Amino acid sequence: MSSLGSTLQIIQKNTLFSLSWIYVTFGVSGCILNIFLFSRKQFRTTSCCKYFLVSSIGMLFNLLIYSIPTIYGYYYTNPLTYNIPFCKFRSYFNHITSVIFRLILSAASFDRFALSSSNVRLRNLANVKFAYRVIASIIILVLLVHIYMLIVYNIKSNTCYNSLDPIGITLVSIFALINNSFLPTILMIIFTIFIRKNLVAKRERRQGGFIQQTRIDQNDEIQFKRDQQVLRMLFGQIIAFFVITSPYMVYSINNIISPYILNKSSDHIAIENFITSISGGLSYVFPAVSFYLYTLTSSLFRNELYLMLQTSFFCFCPIKNRRIEPTSTHPTN
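Residues numbered from 1 in each chain as written. Predicted model: local features only at pLDDT ≥ 70, side-chain atom pairs only at ≥ 80, totals over all residues. Heavy atoms only, no water.

Enquirer: Before we move on, could you go through the nonpolar core and cite the residues and values that matter?
Expert: The biggest cluster of nonpolar side chains holds 61 residues, and the ones touching the most others in it are Phe-38, Phe-52, Leu-105, Met-233 and Phe-301. Tallying contributions element by element places helix H4 (residues 84-116) first for this core, with 11 residues. Other than its neighbours up to four places away in sequence, Phe-38 contacts Phe-43, Cys-49, Phe-52, Leu-53, Ser-56, Met-233, Tyr-294 and Phe-301. (Core = buried A, V, L, I, M, F, W, Y, C linked by side-chain atoms within 4.5 Å. Buried < 20%, exposed > 50% of the residue type's maximum accessible area, 1.4 Å probe, protein only. Helix = DSSP H or I, 4+ residues; strand = E, 2+ residues; numbered from the N terminus. Contact = heavy atoms within 4.5 Å.)

Laid out in structure tokens, this is it:
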């Protein structure tokens, strides 16, 4: 190995180790708070929050599956270099958790599109029962479609790798790029455009006088404000997803083309491997910052967080009341 390759390998190991600790410290704790918050009463009747809840669970497992072995491998021998079952299952679950939470966020975009539509049938799809069906369908489909990873992944030269031939690896890489990056991104963008059009059309109908203003029930008004807050959280997630994952998508395309470039020097290969590892590690930034995006974009989420923390504090620190002994009275004769 060249001196450049050795240097890049040291930088890569320390960088990924540092990122993993950041993900465990801030990302995992944020995902756990997301799960607790979206399980609260305020969010239970909003179908989009069911998608947020399950996507947060997927993000939590995705961060743990990536970070824990990376941290362990910094101090000890990484099981990915010698344990074949671990190589297969880690690759499988790391990939499916990533695909699941991304597709579920895409489904959340559809949910908000359906709710904003003037079509009654579409609006009826924005309910909790339908959300559960969509979530279950996505999870089962992703589990089955990616089962091939348990077969094709193996260990060679202390590396967990895809053991297919070059053409097979290219096809699998294209498939992974589509369902892990392109498909969720395109779906989110399309539904966001439709949501914007629906909201503009609704505003124009109101301004044109086609909708008569009637007395709004208090519960409906609360639900409307809650839906607006959820929509704001969704837009924040979509923007962050696009910004954070775009560089990784671009470099993934380069990785598909790169094996067909001949006569590459050892330094060229070392640089490519370094950029691939670092860009892969940085792709976990999105699940790590989801909680902080929800907090920044929604006052309802912040209020629920404050109430939850306040309740937890009083549960763990109960107020000690003094016991007042009853005064004994002696009967007078």
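Now, onward.
Enquirer: I'd love a proper account of the pairing of strand E2 (residues 159-162), names of residues and values included.
Expert: Note: strand E1 (residues 153-156) against E2, 4 bridges, orientation antiparallel. If you follow Ile-155 over to E2, its bridge partner there is Cys-160. Count of turn residues in the E1/E2 antiparallel hairpin: 2 residues, of which Ser-157 carries a positive phi of about 55°. (Pairing = 2+ DSSP bridges.)

Enquirer: Please provide a residue-by-residue account of the side chain of Thr-245, values included.
Expert: Looking at the secondary structure, you find Thr-245 in helix H9 (residues 218-257). Among the polar contacts listed, one links the side chain of Thr-245 to the backbone oxygen of Phe-241, at a separation of 2.5 Å. If we skip the residues at most four places from it in the chain, Thr-245 touches Arg-102 and Thr-185. (Polar contact = N/O pair within 3.5 Å; in protein donor to acceptor, adjacent residues only side chain to side chain.)

Enquirer: An account of the packing of aromatic side chains is requested, with residue identities and associated values reported.
Expert: Evaluated as defined, the whole model comprises 23 aromatic pairs. Note on Phe-17 and Tyr-75: the rings are 5.6 Å apart at their centroids and 85° apart in plane angle, and the pair reads as edge-to-face. Of this pair, Phe-17 sits in helix H1 (residues 3-38) while Tyr-75 sits in helix H3 (residues 47-75), placing them 58 residues apart in sequence. Under the relative-accessibility criterion, Tyr-75 is labelled exposed at 53%. Between Phe-113 and Phe-191, the aromatic rings sit 5.8 Å apart at their centres with planes inclined by 25°, giving stacked as the arrangement. Of this pair, Phe-113 sits in helix H4 while Phe-191 sits in helix H8 (residues 166-207); the two residues are 78 residues apart in sequence, bridging distant segments of the chain. Side by side, Phe-113 and Phe-191 carry an identical accessibility label, which is buried. Feature note: the residues Phe-38, Phe-43, Phe-52, Phe-291, Tyr-292, Tyr-294 and Phe-301 constitute an aromatic cluster, connected by ring pairs. (Phe/Tyr/Trp six-rings, centres within 6.5 Å; stacked < 30°, edge-to-face > 60°.)

Enquirer: Account for the side chain of His-146, naming residues and giving values.
Expert: Checked against the element boundaries, His-146 lands in the loop between helix H6 (128-145) and helix H7 (149-152). A polar atom in the side chain of His-146 sits 3.1 Å from the side chain of Asn-179. Each residue touching His-146, except ones within four places of it in the same chain, is listed here: Tyr-92, His-95, Ile-96, Val-99, Phe-175 and Asn-179.

Enquirer: Hey, could you go over the confidence of the model for the protein chain for me, with residue numbers and the actual values?
Expert: In this model, the protein chain carries a mean pLDDT of 83, and residues with pLDDT of at least 70 account for 86%. Looking at the elements of the protein chain, mean pLDDT is at its lowest for H9, recorded as 76, and at its highest for H6, recorded as 95. Taken as a whole, residues 210-216 scores under 50 in pLDDT and shows 4 contacts with residues more than four places along the chain or in a different chain. (pLDDT = per-residue confidence, 0-100.)

Enquirer: Mind laying out H3, listing which residues take part and the relevant values?
Expert: Helix length check: H3, at 29 residues, gives a terminal C-alpha distance of 44 Å against a target of 42 Å (1.5 Å per residue), a fit within 8%. Burial of H3 is extensive: 22 of the 29 residues sit out of reach of the surface. (Expected span 1.5 Å × (residues − 1).)

Enquirer: Account for unusual backbone geometry, with residues named and values stated.
Expert: Residue Ser-157 is not a glycine yet carries a positive backbone phi of 55°. Here Ser-157 is to be found in the loop between E1 and E2. By relative accessible area, Ser-157 is classed as exposed at 64%. Of note, Asn-158 is a non-glycine position whose phi angle comes to about 60°, a positive value. For Asn-158, a relative accessible area of 57% puts it in the exposed group.

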